[in-house]
Amino acid sequence: MRYSLRQDIAVEPVIAGWYGWSYLLPPQTLARFVRNRFTSIIDSYLSDPQVHATAVRQRKMHGGPWVHAYEHYDRIASWYQAAAPQRERLGELFDAIRQVEEEILPRYHGECLDPVYQELPSALAGRLEVFYGRDNRTADYRFIEPLMYASEYYDETWQQVRFGPVTRDAREFALTTPMLEYTPDQLLVDVPLNSPLLDLIFRGGLTEAELADVTARFGLTDQRAELFASYFEPAPQPTGTATGDVLEYVGHACVFARHDGTTFLVDPVLSYGGYPGGAEHRFTFADLPERIDYLLITHNHQDHMLFETLIRIRHRVGTVLIPKSSNASLVDPGLGGILRRLGFSHVVEVDDLDTLDCGSAQVVALPFLGEHGDLRIRSKTGWLIRFGERSVLFAADSTNIAPTMYAKVAEVIGRVDTVFIGMESIGAAASWIYGPLYGTPLDRRTDQSRRLNGSNFQQAKDIVDALDPDEVYVYAMGLEPWLGVVMAIDYDENHPAIVDSDLLVKHVRDKGRTADRLQLRRTLRR
Amino acid sequence: MQLSDLLTDIFRRHHERPALRTAGRAWTYAELDRLTNALAGRIDRECAPGRRVLVVGEHSAEAVIWALAAMRSGAVHTPMSPGLPVDRFEDSVRVAQAGLVVCLDRESLVRADKAGVPALYSGDVGWPTEVTERRPSGSPVAYSIFTSGSTGVPKLVDVGHGGLLNLCRSLRRLLDITPGEQVLQFASLSFDASISEILGTLYAGATLVVPVRDQASWLGSVSRHLAEHGCDLAMLSPSVYARLDDAARRRIRKIEFCGEALGKAEFDRAIQHSRVFNAYGPTEATVCFSLAELTSFTPAIGTPIDGFRALVHDPETGDHSTSGTGELVIVGEGVALGYVGGRAEEQRVFRTLDGERAYYTGDRVTLHDGTLSYLGRIDEQVKRLGHRVNLAHVESHLSARLDREVALVRLGEEVVLVTTADGATEEALMARVRSWLPAWEAPDRIAFVDTLPLATSGKLDKNALRERIAAGSGGASANDPELRQVLDVVTTVLGHQIDPNTSIFDAGGSSLAMIQIQVKLSQIYGEQAVEAAFAALDYDFVVVDFLRHLHGADVVRRESPAETVFRQVETELAALRAELPLLRRETRRATQAPDQAGRTVLLTGVSGFIGGHVLDQLLPTGRPVLVVSTTGSDRVLAEHRARFGHDAADYDLVRVIGYGDLERWVDQREGPALDGVAHCGYQVNHLLPLDSQMAGSVRNTVLVVRAAAAFGARSFAFLSAASAGEHFEPLSAAALGAVADPYSRSKLICEGYVNALADVGCAVDCYRAGLVYGHQDGDRSYLKDDWFTGLIALARRLRAMPRLEGYVPVCDVRELSRTLLAAIDGRSSGSAVVVHRTYELAELLHHAGLSPTDVLPPAEWFELARGSGQAHLPLLAAMQSALGGRGWRTPQREVDHDILGTLFGTPQEAPRAGARA
Ligand SMILES: [Fe+2]
Ligand SMILES: [Fe+2]
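This is a predicted model, so every value here is computed, not measured. (Residues numbered from 1 in each chain as written. Chains lettered and ligands numbered in written order. Predicted model: local features only at pLDDT ≥ 70, side-chain atom pairs only at ≥ 80, totals over all residues. Heavy atoms only, no water.)

### What to know about the overall build of chain B
Stage number 1. Scanning chain B from terminus to terminus reveals 32 helices and 41 strands.
Stage number 2. Looking at chain B residue by residue over its 917 residues, the buried ones come to 54%.
Stage number 3. When contacts within chain B are restricted to residue pairs at least 6 apart in sequence, long-range pairs at least 24 apart make up 68% of them.
Stage number 4. If you sum the accessible surface of chain B, you get close to 37900 Å²; carbon and sulfur atoms cover 49% of it. (Helix = DSSP H or I, 4+ residues; strand = E, 2+ residues; numbered from the N terminus. Buried < 20%, exposed > 50% of the residue type's maximum accessible area, 1.4 Å probe, protein only. Contact = heavy atoms within 4.5 Å. Areas by Shrake-Rupley, 256 points an atom, 1.4 Å probe, with all protein chains shown as cover.)

Shown next as structure tokens:
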């Protein structure tokens, strides 16, 4: 008898006790989030849990700094106390960053920066490069990221996964609640996120002995071992692998394609199966092919770079294509470094208009502007894939803020047949993601003016008009209930994103072309 | 042609025709000619030619006559409202450099004396008859009209003679005014609409009718006059029209709307009774610039009348063109001569284009093929969330949708929807408004006022509204203890003080701070009230706004029907509790056959769907049944027989009486001994107001409860409704308020009455059933008015399903009947919610033969349903009312068979994605 993980068992990544995503992996950004966001969440919760209970009840407050598991006061309090040494260590790094940004660098206004290296706090000494910014007067710095990962501030023992059943499509917002065992069917296991043990579990088909071995290596005994065993079921008969060409929208910004036997998956975010009441025909992990030859990531937002999905499909993935990042700053940590620490061995970084042959298809990286709060962030790209004669663009949340850019791109790459475009035209304020990384907070109006907006109707229309595609699909809107785990959008038919995308669909259809706003799943071509 | 010559000509032409009429008094053109000539002579004696004569009076034939006299005199006719404050009166006299004031009332005379200006009191002058020699005036100004200047100081528009004849001709032709027609004189003389009423009527030889002021308000008097006498033509602003009684509106043959943009709501109302005209024209263009008859609603304001042409001006390029969208520029000799008083830059609206006088209106229009469409005031254009929003349009749209008057008022950056309170809360109204409008068009908040004030012009007085609302929000002073209290809470949380008009976010607060404030305020004002106020604030916290919303909620709570009803119920319940023991003690109970002693069951609702099934199951038990029905006739049993196919003999032990009979028995303290009561008789109607339910089904329930006490019942099973709530709590106003529709509320109230039976030792069970199905062939007619199956059927026809929240709780009628009977058999399971199986959206889609892509937001679906013409409207309303709540929240599966599947003939189980075997 062989065993596989049940379809409805989620394995959620945990870093330092919180739901794992990109900015919690590099130690420098983790230090910022722990001090600037998590500490204040827990402090306010411990001093008045009622405030959190009240907030969680109100839909409008969704995505705010609230502990959803507010009824587990004692558990959270004791976890928080136990995690104090970890906070203390990260606190050293936090203080060192603060010292560099607020005390050391501001003393320099154009003179030689050599002395800076002598006065760097020990947490950062030998791990930074300093230089002047564009004005030649304002000192700036970058992390030597591999050395940061090699430091005492990156500790894989802080990583865990939490097993537990998923019972419905909608997922609770996870970024603000400590990841503890709240219900008897949840199991928190200490294991680095890059552990091959996880691949073994996700690959499935474990023998009795393998399962026992994993259980032992997870340190699970007695009841906990029993609970762990209950997450498995007899391995299903392998079904025949499909081989035909297909282009399939599988939810949010995630699209699967197979062309002449080569498989591609863009911005993976998948749903679970095996529980009643889920949306019919949704694409779940079970619908993935054995092998994903190329995994493409457009940008480093948690709805496009979802750790939970990434680690679960890791064993199937050949090459990961990502946008190149050269900043190594707080707001733009290297995506390659993150993915490698996450256990992906073959990661290829590309830059604007780089072209790669990927099996039967060709991939071109297209410039991606906007949607990043005007921060200096390079790790973002659109992907153009040429499947033989047909070209498909995945523009993700790219905003057409420079109206002539796509026209110029079109001159280089030619016509595009199919365009996928995100139109979350009014996004969250930039501080919703980046706030904890700011040295000093922005005032509210400035913050609100720098929203993480996708294209609105006019901008999307200009893209479409420039690229002249036959088919336009609006996607990446967070319309699928399982996105609730990392997004908090309260859509109704009057939401600007809905109004704008309706207009775009109409505009394209009026031209006699195909257009739609995608939701849940759609097979676009076979 | 000079105005005085025009009038002389008019009087000569129509001569013996009736010109002016008021209650009990009429003047022919000839009479009016002599009279106004004499009065004009009197004015000329007192006032130098070319100076302004102020005529202070309105709403009487006498005032009209003096106005005509002033027009014919050598002075310049300058009507003034009698209602001005003293200061304003003096300012007006000064700005007008008046040579004379004609006062139609004593008070104005006193004011004129104080202002040091020569004055006449009309009562002193009387009706002179001597005709005097008249000299031509020669002034270029025909009349002057006061308008409000931007500085708050009055300003005059000097109107020349050039546009008058064109005005008269156009009105006659376009409004189709014929001699002998009765034209209403409504406008205050100080408003230039009165000029077109007077001149338009007289030029055409028609009769001007001034209603007599016999009500507290002029509007009331006019409304009453119209209801009684009607008129051929009325020139009114949409705001005034909206305030007329329906009886008055019906009797207006032709209505010319003027003064404000005509909204669809007013048009729709007017077109039912009248020919509808829409006029547009500023005072600065001799009253009327364009006029069109409307047979369907458009924002069209017609084509320019004779003597005018229209250009559109693009403020950005400075271009003028004859088509397109932009600021309307009126060109022609009817353009006024200019302003007197006011600031110098205000004169800039008057310019010369190609040698002709031009007026820049400040109105945004579209000019296409010579036809104008009104888009709104240029300064009513606001940019919100990146979109250009026309408040006038939104206003018109909303008043049509809400079917009542609304105003959108700008207060700084805030857009406030002002309307009259109608019992709905601000939140409820806001929710509806938000469901209709894109975010950028939705108002920021709603303010309720008692009435929407009208200015003298008959237009909605937005300035007054603005002041009133601003006062409302800023009215809380720092000394106000309540304001102090809220500010203290904010200070505690933020660690510093903030301005009560500032958002806490602008004051450095976070969402955490906001919720901390919410929790602390909840301790003071109650959780629900505070949460409602926060929702109304859209989770931005401003102290004064919070207090306003909190009090808004207070007002609504005071008026809440739930509370009123609860008080009433409490009183009645106390009386019932006192009566029940007496009934039980004092009633003589008879049993006919000794072997049946104590076995009789009282059953109601037999002609209903569920009650019928209960009787069906009761018959084989051989127990005597006392059926209480609304008719009291044996036909109930005949129908039951036909429905269930029983033998006549099966009913040997069944007796039918009416509720009246039962009441008599109870009151006479004499009747049959009962064992148990199954009360299923209830009018299922989600639309019936609570009052009707109270007088109907609830009253019957109380009677059945009294009967149960009187005739010694040991058990009582009441069929309640799942929509009354998932939890059994003591009856309270809050519990009532939590239930959305009157039907479910009435069930909750009935439960309260039924529970009183516990005091006399009767076991009480209330079963809150979900939607009950399991119809057999004979039951099909019961589905006719069933909102839910109606909804599914309609969804199937429309190929669209509304997005239902939560689950749909369903019961099987046979199971339910068994539960009810078990209770009166002494096998009670206690009061309970009875849901045998829930259905989720996916299953409903399956039963309707639809797919997830066919799901629409409810608002859209109802729109579609209404538009399709396929839906029975009351049923649709019932659906809407029933879907108002949040739906059932927990899935349930107590029975295996697919109740709905059987009903719809789709017996196969709905596919459930991802279900494990
Ligand atoms: Fe996104
Ligand atoms: Fe994004």
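After that view, the rundown keeps rolling.
### With respect to the coordination of the iron ion (ligand 2)
Residue and element names in this part refer to chain A.
Stage number 1. Within the protein, the atoms that donate to the iron ion (ligand 2) are His-299 (NE2), His-301 (ND1), Glu-371 (OE), Glu-371 (OE) and Asp-397 (OD), at distances of 2.2 to 2.4 Å.
Stage number 2. Between the donor residues of the iron ion (ligand 2), the gaps in sequence give the motif H-x1-H-x69-E-x25-D.
Stage number 3. Here the iron ion (ligand 2) and the iron ion (ligand 1) are spaced 3.3 Å apart, with Asp-397 acting as a shared donor. (Donors = N, O, S within 2.8 Å, 3.2 Å for Na, K, Ca; no water.)

### Details of the coordination of the iron ion (ligand 1)
Stage number 1. Protein coordination of the iron ion (ligand 1) is provided by Asp-303 of chain A (OD), His-304 of chain A (NE2) and Asp-397 of chain A (OD), with donor distances spanning 2.2 Å.
Stage number 2. In primary sequence terms, the donor set of the iron ion (ligand 1) follows D-H-x92-D.

### Here's the deal with unusual backbone geometry
Stage number 1. With a phi angle near 60°, Asp-374 of chain A is a residue other than glycine that sits in the positive phi range.
Stage number 2. Relative to the elements of secondary structure, Asp-374 of chain A occurs in the loop between strand 17 (361–367) and strand 18 (381–387).

### Concerning the packing of helix 1 (residues 3–14) of chain B against helix 3 (residues 61–72) of chain B
Residues and elements named next belong to chain B.
Stage number 1. Between helix 1 and helix 3, the least distance of the axes is 7 Å, while the angle of their chain directions is 120°. In terms of orientation, helix 1 lies oblique with respect to helix 3. The residues of helix 3 that touch helix 1, namely those facing Leu-3, Ser-4, Leu-7, Thr-8 and Phe-11, are Leu-68, Met-71 and Arg-72.
Stage number 2. Each residue belonging to the contact of helix 1 with helix 3 can be placed in one class, and the counts come to five nonpolar, two polar and one charged. (Axes fitted to C-alpha atoms, helices over the stretch in contact; angles between N-to-C directions. Parallel < 35°, antiparallel > 145°, perpendicular 65-115°, else oblique. Nonpolar A, V, L, I, M, F, W, Y, C, P; charged D, E, K, R; others polar.)

### Structural notes on the pattern of salt bridges
Stage number 1. Applying the stated rule across the entire model yields 71 salt bridges over all chains.
Stage number 2. One salt bridge connects Arg-142 of chain A with Glu-129 of chain A, and the closest N-O pair in it is separated by 2.6 Å. Of this pair, Arg-142 of chain A sits in strand 5 (residues 139–143) while Glu-129 of chain A is found in strand 4 (residues 128–132), placing the two residues 13 residues apart along the sequence.
Stage number 3. The exposure class of Arg-142 of chain A is partly exposed, given its relative accessible area of 27%.
Stage number 4. Overall, Glu-129 of chain A belongs to the partly exposed group, its relative accessible area being 31%.
Stage number 5. A salt bridge links Asp-33 of chain B to Arg-72 of chain B; the nearest nitrogen and oxygen atoms lie 2.8 Å apart. Note that Asp-33 of chain B is positioned in helix 2 (residues 29–46) and Arg-72 of chain B in helix 3, a separation of 39 residues in sequence. Across the pair, exposure class does not vary: Asp-33 of chain B and Arg-72 of chain B are buried alike.
Stage number 6. Residues participating in the shared-partner salt-bridge network are Arg-415, Asp-417, Asp-468, Asp-470 and Arg-513 of chain A. (Salt bridge = Lys/Arg side-chain N within 4 Å of Asp/Glu carboxyl O.)

### A few points about the confidence of the model for chain B
Residues and elements named next belong to chain B.
Stage number 1. In this model, chain B carries an average pLDDT of 83, and 91% of its residues clear a pLDDT of 70 or more.
Stage number 2. The low-confidence segment residues 553–559, where pLDDT is below 50, has four contacts with residues more than four positions distant or belonging to other chains.
Stage number 3. Contacts from residues 910–917, a stretch scored under 50 in pLDDT, to residues over four places away or in other chains number 22 contacts. (pLDDT = per-residue confidence, 0-100.)

### Concerning helix 3 (residues 73–82) of chain A
All names here are of chain A.
Stage number 1. Within the span of helix 3, buried status applies to Ile-76, Trp-79 and Tyr-80. The buried side chains of helix 3 occupy one side of the element, clustering within an arc of 100° when seen end-on. Seen from the buried face of helix 3, the exposed residues on the opposite side, beyond 90 degrees, are Asp-74, Gln-81 and Ala-82.
Stage number 2. Next to the buried residues of helix 3 lie strand 3 (18–19), helix 1 (27–47) and helix 4 (84–104). (Arc of directions from axis to C-beta.)

### Observations concerning helix 1 of chain A
Stage number 1. Over its 21 residues, helix 1 of chain A extends 28 Å from the first C-alpha to the last, a length consistent with the 30 Å expected when each residue adds 1.5 Å.
Stage number 2. At Phe-38 of chain A, helix 1 of chain A shows its largest kink, close to 40°. (Expected span 1.5 Å × (residues − 1). Bend = angle between axes of the 7 residues up to and from the residue.)

### Some details on the interface of chain B and chain A
Stage number 1. With 32 residues of chain B at the contact, the number on the chain A side is 31 residues.
Stage number 2. Together, the buried faces of chain B and chain A total about 2600 Å²; carbon and sulfur atoms form 55% of this surface.
Stage number 3. Put simply, chain B and chain A have two salt bridges between them.
Stage number 4. In this structure, the salt-bridge partner of Glu-531 of chain B is Arg-57 of chain A, at a minimum N-O distance of 2.7 Å.
Stage number 5. Linking chain B with chain A are three residue pairs in polar contact (both at pLDDT 80 or more).
Stage number 6. Listed by contribution, the elements that provide at least two residues to the side of chain B that touches chain A are helix 14 (426–436), helix 17 (511–525), helix 18 (527–536) and helix 30 (858–868) of chain B.
Stage number 7. Counting residues per element, the side of chain B that touches chain A draws most heavily on helix 17 of chain B, at seven residues.
Stage number 8. Residue classes in the side of chain B that touches chain A are distributed as 16 nonpolar, six polar and 10 charged. (Buried area = accessible area lost by both parts, 1.4 Å probe. Polar contact = N/O pair within 3.5 Å; in protein donor to acceptor, adjacent residues only side chain to side chain.)

### Observations concerning the packing of aromatic side chains
Stage number 1. Scanning all chains against the criterion turns up 43 aromatic pairs over all chains.
Stage number 2. Considering the side-chain rings of Tyr-280 of chain B and Phe-289 of chain B, the 6.2 Å spacing of their centres and the 80° angle between planes classify their relative orientation as edge-to-face. By the burial criterion, Tyr-280 of chain B is buried, and Phe-289 of chain B matches it.
Stage number 3. Linked through ring pairs, Trp-18, Trp-21, Tyr-23, Phe-33, Phe-38, Trp-79, Tyr-80 and Tyr-434 of chain A together constitute an aromatic cluster.
Stage number 4. Over the aromatic face of Tyr-80 of chain A sits the side chain of Arg-87 of chain A, whose NZ or CZ is 3.6 Å from the ring centroid.
Stage number 5. Here the basic side chain of Lys-747 of chain B rests over the ring of Tyr-682 of chain B, its NZ or CZ set 4.0 Å away from the ring centre. (Phe/Tyr/Trp six-rings, centres within 6.5 Å; stacked < 30°, edge-to-face > 60°. Lys NZ or Arg CZ within 6 Å of the ring centre and 35° of its normal.)

### Side note on the pairing of strand 30 (residues 625–629) of chain B
Residues and elements named next belong to chain B.
Stage number 1. Burial of strand 30 is extensive: five of the five residues sit out of reach of the surface.
Stage number 2. Because side chains alternate across strand 30, one face comprises the buried residues Val-625, Val-627 and Ser-629, and the other comprises Leu-626 and Val-628, equally buried.
Stage number 3. Two strands pair when backbone bridges link them, and strand 29 (residues 601–604) and strand 30 are joined in this way by four bridges, in the parallel orientation. Bridged to Leu-603 within strand 30 is Val-627.
Stage number 4. Viewed along the sheet, the connection from strand 29 through helix 21 (residues 609–618) into strand 30 turns out right-handed. (Pairing = 2+ DSSP bridges. Right-handed = clockwise from strand over helix to strand, strands pointing away.)

### Regarding the pairing of strand 21 (residues 356–368) of chain B
Residue and element names in this part refer to chain B.
Stage number 1. Note that strand 18 (residues 324–332) and strand 21 share seven bridges and pair antiparallel. Each bridged residue has a counterpart across the sheet, and for Gly-324 the counterpart in strand 21 is Leu-367.
Stage number 2. Across four bridges, the pairing between strand 20 (residues 350–353) and strand 21 is antiparallel. In the sheet register, Thr-352 faces strand 21, and the bridge partner there is Arg-357.
Stage number 3. Between strand 20 and strand 21, which pair antiparallel and follow one another directly, the connecting turn spans two residues, one of which, Asp-354, has a positive phi of 50°.
Stage number 4. Judged from the six bridges that link them, strand 21 and strand 22 (residues 371–377) form a sheet pairing that is antiparallel. Residue pairing in the sheet places Leu-367 in a bridge with Leu-372 of strand 22.
Stage number 5. Between strand 21 and strand 22, which pair antiparallel in sequence order, lie two residues; one of them, Asp-369, sits at a positive phi of approximately 50°.

### Brief notes about the side chain of Thr-22 of chain B
All names here are of chain B.
Stage number 1. Relative to the helices and strands, Thr-22 is located in strand 1 (residues 18–22).
Stage number 2. Residue Thr-22 is classed as buried on the basis of its relative accessible area of 17%.
Stage number 3. Looking at Thr-22, its side chain comes within polar contact range of the main-chain oxygen of Val-210, at 2.8 Å.
Stage number 4. Ignoring sequence-local partners within four residues, the contact set of Thr-22 consists of Trp-27, Ala-61, Val-210, Pro-211 and Val-212.

### A short note on the nonpolar core
Stage number 1. Ranked by internal contacts, the top residues of the largest apolar core, which has 127 residues, are Phe-163, Phe-218, Phe-228 and Tyr-434 of chain A.
Stage number 2. The leading source of residues in this core is helix 1 of chain A, at eight residues.
Stage number 3. In contact with Tyr-434 of chain A, other than residues within four places in its own chain, are Tyr-23, His-301, Val-331, His-372, Leu-375, Ile-377 and Leu-452 of chain A.
Stage number 4. Ranked by size, the runner-up nonpolar core spans 102 residues in total, among them Val-102, Leu-184, Ala-279 and Phe-350 of chain B. (Core = buried A, V, L, I, M, F, W, Y, C linked by side-chain atoms within 4.5 Å.)

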